[in-house]
Amino acid sequence: MQLPSACCYRSAVAVFVGWALAAFGSGAVLHAQSTASVSAVELLELEQQAFRAAAAAAQDVAVQIESFGGLERVGDELVSDGPTTGTIVGADGWIVSTLYSFRQQPASILVTLPDGRRLPARIVSRDHSRELALLKIDGVAGLPVARPSRLLERPDDLVGRWAVALGKAYDPRVASQSVGIVSATGRAYGRALQTDAKVSPINYGGPLIDLWGDVLGVLAPISPGPMVEGGDQLYDSGIGFAIPWTDILARLETLQSGTDIYPGKLGVVTTDPNEMAGPVVVEGAMPGAAAGRLGLEPGDVIVVAGGMPVRRLADLQQALGPRDAGQELPLTIWRRGQRIDLQATLTKEIPIYRRRLVGFWLRETDDGQLEISAVESGSPAEGAGLKTGDRIVGCNGVRPISAERLRRMIAVAELDQALRLAVLGPDGSQRDVSVRPIERPEALPASSGPVLDGDAGEPRVVDINLGDFPNKAYAVVPVKRVDQPLGVLIVFPEPGELEAAKTLDYWSACVRSNGWIVAVINSGNRSGWSLEEVELGMRTLGRLQKLYPIDPQRVVLGGLGIGGRVALLAAMSAPERVTGVLTIQTNLGEFAPRQMNMPMKSLDFLLVGDAAQMQASAETLRKGGYLVTIVEGSGGDTNSWQAAPIDQLQLWLAGLARY
Amino acid sequence: MMDGNLDRRVTVEVARWVFVLRGAWCMVVWAWLVLAGLPSWAEDAGLGSANRIAVEVELKTVKLYGAGGFRGLDAYQSGFFISDTGHILTVWSTVLDVDRVVAVGSDGSRYEASVVGIDPNLEIAVLTTGTRPPAYFDLDQAVEGQVGWRVLAVSNLFGIATGAEMSSVQRGVIMAITDLQARRGTIESVYRGPVYVLDTPTNNPGAAGGALVDLQGRLLGILGKELRDTRANIWLNYAIPISQVRSSVQKIMQGESIQRLAESRQPVDRPMDLDALGIVLVPDVLAKTPPYIDGVYPGSRAAEVGLQPDDLILFVNNVRIASQADLRDELKYIDRADRLVMLVQRGNQLVEIVLNP
């Protein structure tokens, strides 16, 4: 730690005098003094008195909670079953705690009041957005109820304020105390305060109080965002969270009625799925979501959400974060130069998204038109009479249309509504074709799609420079320049080295005639892959994109053996840039994708290996809406291509580019 | 962490400034004006700083170097002087498995220390250098801390200080005072008495044996070895109160040897038996099957005291029972001739059941 430096003293004194006055004025336990003489030690002593006085005033609103029986593990993690803490929210026995305390689904829950009374409790409802549980104990009255801190009325003035975290895990009578400050507000998408007081299983569910002894919030192991693992992993990091007490009080009636609360979902699909992308332009709605009923149109720009300006997608997420399912979210949009106010009712669930399929391949002609280069047999496209050589010039009234726009329209199409395509035949005749997309089947495509115009020549191997990483990487590339964009497969092999000769041998036909680049990143350390190396997937893609025209629909991350896990992580970290994941003889083990399948962020999986062994992983992925195809394959050591049947692999790769 | 340039000037007592308190804002502005005008005064006063205390305590602590380095064991720990003849209090560990332990003071002075004696029950050791230290803690002057006290922990955690560098000073508060005995089965520690639980990560490699003081520099406790609280699933940052070790240290210094006490709790010869009581539990199929009563033999002791099917046993003689395994384990320590008090949950009621011998 660092002791305050001399230059800080003056401001420290000013701050101290400010809060000391506040404490005296509030009637907290400190003795009022008409004069204050401040020596180094006295200052520290006075602060200590203020902390302890606040804790003493507030500690009776915290209760000890014990759980009995239940699961030993949740997922991979051994569940601790020690006592936890709750905060009294209603004088007749209402108590708030965190869901974390009840993960093991205990057979019984006991609450011990500060006076030593021990009473059975039941869970009345759960707030899944804030990870809280509301408990009830019966036969009590007149319990002390936590008051909301007046500081909560001025969120701008919260950061830097003293805060004391109270817990009852050690003792139902005397609260444990950890002193810190409020570090930030509006964390976890506007749902939590952040503090540097020590927050751990010892005080989860307990109150975070101010120096008046009033409650700022309830300490909770909430997940702060998609990039950081939440829960108790943060407990020694100087980062702790508390759900603002006023947010809990605002939902108390709902929770008391036994109604569970869920995060509210809007289900809007924007043109750019990147969080930092702006302005936020609507492409459509997740099929079946609130945004669809709202009448949002493609091209609408969301400019205000919940009264806050929206410049990037992250602003919209910040507005959504604190809102529950069933709550309203006022939106302001720009549509063709007009400002329109809308009121969205957020929903609990959005139906799991599954990728759509019409069933043709497109190529861009020299004059920039979209020409069908192949039609899949048995697909809706074939049924609608689309033929190779037809050109698509418009869709649903949008004309002319780009390949990307068409893809987005198909991605968010409702299954019961036909797309209206404007088609130009090879003879110049125009016609309208209605085609209804289907959910993409898991079976490999019935045909292998178009082949490359002309011969790309015998492939060769080039080295890829990965900058400051020591990893050796290479790519098998077509020797001649081709006009059409190429697909790219980036492979993480087993730790060690996968020789270029082997890769060249296996892939040369595919590179030559189907227009693929196959890149291999060898591990930096022979003994294993590290988490930092996951980013090499995107770095390699970036390098290749500078050198070759890459088809955004054919970007695949692959892995051999354990490398398949690295590929999966790399793909999940950038689903908007990747379309497929290929694993060969990889045991994906137990994992849960952190995000569901989304339009324009879809991933198709091909798992090659022992089908029986991969069933569980495949099921997990399917539940998230991902398309999983399993191909039986084995043999050879896990760091070779031998296990994978090249024909089926090529069919799957070709299928990725289908519309 | 601290560097070697810590300002060692002992700050003088601050000139007394009398503030007439009219209102918070007024006061803040006023204090700002006064202090802004007197920068040199403010710097000398060291207001809000624990500098003076930290320096005082530093001079009483030592960095200890001994055996280790194998199998990932650390070869260093912390300690502090406790007498004017050079006694050092520290924790008993493999670091001390050498003839001569090297002790380095914060002023860079180097001593060779030998082990005077140990207390295997407290896992502490007393060493001596045989020479007068620059400063020391008088154990008789140590005080009892309370929950919420602000404290400084002074230790060489992670061995970060070497040579004449000072140990590291960490600040925190006494978060709780708890009995390790009450957390039996969750913490692997020989010591079972009360500890100060701290809200800052003090217990790291090398920190054991460091001093815990309050903000007046008064000794409160000795930092313990690293311990994990398995029930809460976290590392425990703690210190053992001096009141727990004082008499033992005196005995060691007087040359008495302290024997390892037998584990206070021993399984009994004729333990309580569920079957004999007439209790049948639900089938034990999970790692933590709750001890629900499935049936009670008619005419048995259990039936006599009113136990019923579907009762859930929560406590036995005030020990928390989280599973059937816990219950069987606890009963091993209760003799059939002992009084047994059970707290059971029946529906939404808690019922106390007493089985007298």
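Residues numbered from 1 in each chain as written. Chains lettered and ligands numbered in written order. Predicted model: local features only at pLDDT ≥ 70, side-chain atom pairs only at ≥ 80, totals over all residues. Heavy atoms only, no water.

**As for the overall build of chain B**
Point 1. Summing up its helical and strand segments, chain B has seven helices and 20 strands in all.
Point 2. When the 357 residues of chain B are sorted by exposure, 53% land in the buried category.
Point 3. The contacts of chain B with a sequence gap of at least 6 include a subset with a gap of at least 24, amounting to 61%. (Helix = DSSP H or I, 4+ residues; strand = E, 2+ residues; numbered from the N terminus. Buried < 20%, exposed > 50% of the residue type's maximum accessible area, 1.4 Å probe, protein only. Contact = heavy atoms within 4.5 Å.)

**Considering the overall build of chain A**
Point 1. Each helix and strand in chain A was counted, giving 14 helices and 35 strands.
Point 2. The proportion of buried residues among the 659 residues of chain A is 57%.
Point 3. Considering only contacts in chain A between residues 6 or more positions apart, those separated by 24 or more positions represent 67%.
Point 4. Put simply, chain A shows about 26500 Å² of open surface, and 50% of that area lies on carbon and sulfur atoms. (Areas by Shrake-Rupley, 256 points an atom, 1.4 Å probe, with all protein chains shown as cover.)

**Quick word on helix 4 (residues 242-253) of chain B**
Residue and element names in this part refer to chain B.
Point 1. Across its 12 residues, helix 4 extends 15 Å between first and last C-alpha, which sits within 8% of the 16 Å expected from 1.5 Å per residue.
Point 2. Along helix 4, the residues classified as buried are Ile242, Val245, Ser248, Val249 and Ile252. Taken around the axis of helix 4, the buried residues stretch over an arc of 135°, which confines them to a single face.
Point 3. Of the surrounding secondary structure, the elements contacted by the buried residues of helix 4 are strand 2 (76-81), strand 3 (87-91), strand 5 (110-119), strand 6 (124-128), strand 11 (219-223) and strand 14 (238-241).
Point 4. Phi turns positive one or two residues past the end of helix 4, at Gly255, with a value near 90°. (Expected span 1.5 Å × (residues − 1). Arc of directions from axis to C-beta.)

**Observations regarding the sheet that holds strand 6 of chain B**
Residues and elements named next belong to chain B.
Point 1. The six strands lie next to each other as 1-2-3-6-5-4, forming a closed barrel whose pairing is antiparallel. The average undirected angle you get between the axes of adjacent strands in this sheet is 40°.
Point 2. Bridging between strand 1 (residues 61-65) and strand 2 involves five bridges; their strand directions are antiparallel. The residue of strand 2 that forms the bridge with Val62 is Gly79.
Point 3. Across the sheet, helix 4 lies against strand 2, strand 3, strand 5 and strand 6, angled at about 45° from strand 6, the strand it touches most. (Pairing = 2+ DSSP bridges. Axes fitted to C-alpha atoms, helices over the stretch in contact; angles between N-to-C directions.)

**A short note on the side chain of B:Lys60**
All names here are of chain B.
Point 1. Counting through the fold element by element, Lys60 comes out in the loop between helix 3 (51-58) and strand 1.
Point 2. It turns out Lys60 is buried and unbridged, and the closest side chain with the opposite charge, Glu56, is 5.2 Å from it.
Point 3. When neighbours within four sequence positions are excluded, Lys60 is seen to be in contact with Phe80, Phe81, Ala135, Tyr136 and Phe137. (Lys, Arg positive; Asp, Glu negative; His and termini not counted. Salt bridge = Lys/Arg side-chain N within 4 Å of Asp/Glu carboxyl O.)

**Considerations on the pairing of strand 6 (residues 108-112) of chain A**
All names here are of chain A.
Point 1. Where burial is concerned, most of strand 6 is hidden: five out of the five residues are buried.
Point 2. Burial of strand 6 is two-sided: the residues Ser108, Leu110 and Thr112 facing one way and the residues Ile109 and Val111 facing the other way are all buried.
Point 3. Pairing analysis gives five bridges linking strand 1 (residues 62-68) to strand 6, with the strands arranged antiparallel. Directly across from Ile65, in strand 6, lies its bridge partner Val111.
Point 4. The pairing of strand 6 with strand 7 (residues 118-127) spans four bridges and is antiparallel. Residue pairing across strands places Thr112 opposite Arg118, the latter belonging to strand 7.
Point 5. Where strand 6 hands over to strand 7, the hairpin turn is made up of five residues, of which Gly116 adopts a positive phi near 95°.

**Here we look at the nonpolar core**
Point 1. In terms of nonpolar packing, the biggest core is built from 49 residues, with A:Leu216 and A:Trp245 touching the most fellow members.
Point 2. Here the element with the most residues in this core is helix 2 (residues 40-58) of chain A; it accounts for five residues.
Point 3. Counting residues in each nonpolar core, the second largest holds 43 residues, with B:Val154, B:Val197, B:Ile240 and B:Ile252 among its members. (Core = buried A, V, L, I, M, F, W, Y, C linked by side-chain atoms within 4.5 Å.)

**Observations concerning the sheet that holds strand 11 (residues 192-195) of chain A**
All names here are of chain A.
Point 1. Here six strands make up a closed barrel; going around it, the order is 9-10-11-14-13-12 and the pairing antiparallel. Direction aside, the axes of adjacent strands within the sheet are offset by 45° on average.
Point 2. When strand 12 (residues 207-209) meets strand 13 (residues 215-219), the two strands line up antiparallel, connected through three bridges. Across the sheet, the residue bridging to Ile209 is Val215, located in strand 13.

**Notes on the packing of aromatic side chains**
Point 1. Applying the stated criterion across every chain yields a total of 11 aromatic pairs over all chains.
Point 2. Ring centres 4.8 Å apart and planes at 65° place the aromatic pair A:Phe51 and A:Trp162 in the edge-to-face group. Taken together, the residues span a long stretch of sequence, with A:Phe51 in helix 2 and A:Trp162 in strand 9 (residues 162-167) at a distance of 111 residues.
Point 3. On the accessibility criterion, A:Trp162 (23% relative accessible area) is partly exposed.
Point 4. Ring centres of B:Phe81 and B:Tyr111 lie 5.5 Å apart, and the angle between their planes is 80°; on these two criteria the pair is classed as edge-to-face. Of this pair, B:Phe81 sits in strand 2 while B:Tyr111 sits in strand 5, and the two are 30 residues apart along the sequence. No difference in accessibility class separates B:Phe81 from B:Tyr111, as the two residues are buried.
Point 5. A network of ring pairs unites the aromatic residues A:Tyr506, A:Trp507 and A:Trp641 as a single cluster.
Point 6. Positioned above the aromatic ring of B:Phe315, the side-chain terminus of A:Arg118 is 3.8 Å from the ring centre. (Phe/Tyr/Trp six-rings, centres within 6.5 Å; stacked < 30°, edge-to-face > 60°. Lys NZ or Arg CZ within 6 Å of the ring centre and 35° of its normal.)

**Observations regarding the confidence of the model for chain B**
All names here are of chain B.
Point 1. Residue-level pLDDT values for chain B average 81, and 80% of them are 70 or greater.
Point 2. Confidence scores differ between elements of chain B, with helix 1 (residues 24-37) showing the lowest mean pLDDT of 40 and strand 11 the highest of 97.
Point 3. For residues 1-45, every residue scores under 50 in pLDDT, and the model assigns this stretch 72 contacts once sequence neighbours within four places are set aside. (pLDDT = per-residue confidence, 0-100.)

**Observations concerning helix 3 of chain B**
Point 1. For helix 3 of chain B, the buried fraction is high: six of the eight residues fall into the buried class.
Point 2. Within helix 3 of chain B, the full set of buried residues consists of B:Asn51, B:Ile53, B:Ala54, B:Val55, B:Val57 and B:Glu58.

**Details of the confidence of the model for chain A**
Residue and element names in this part refer to chain A.
Point 1. Per-chain confidence: chain A averages 85 in pLDDT, with 89% of residues scoring 70 or above.
Point 2. The secondary-structure element of chain A with the lowest mean pLDDT is helix 1 (residues 9-26), recorded at 40, while strand 12 shows the highest, at 98.
Point 3. For the stretch residues 1-35, pLDDT sits under 50, and the model shows 60 contacts to residues farther than four places along the chain or on other chains.
Point 4. Note on residues 226-231: pLDDT is under 50 here. Beyond four places in sequence and across chains, it has 14 contacts.

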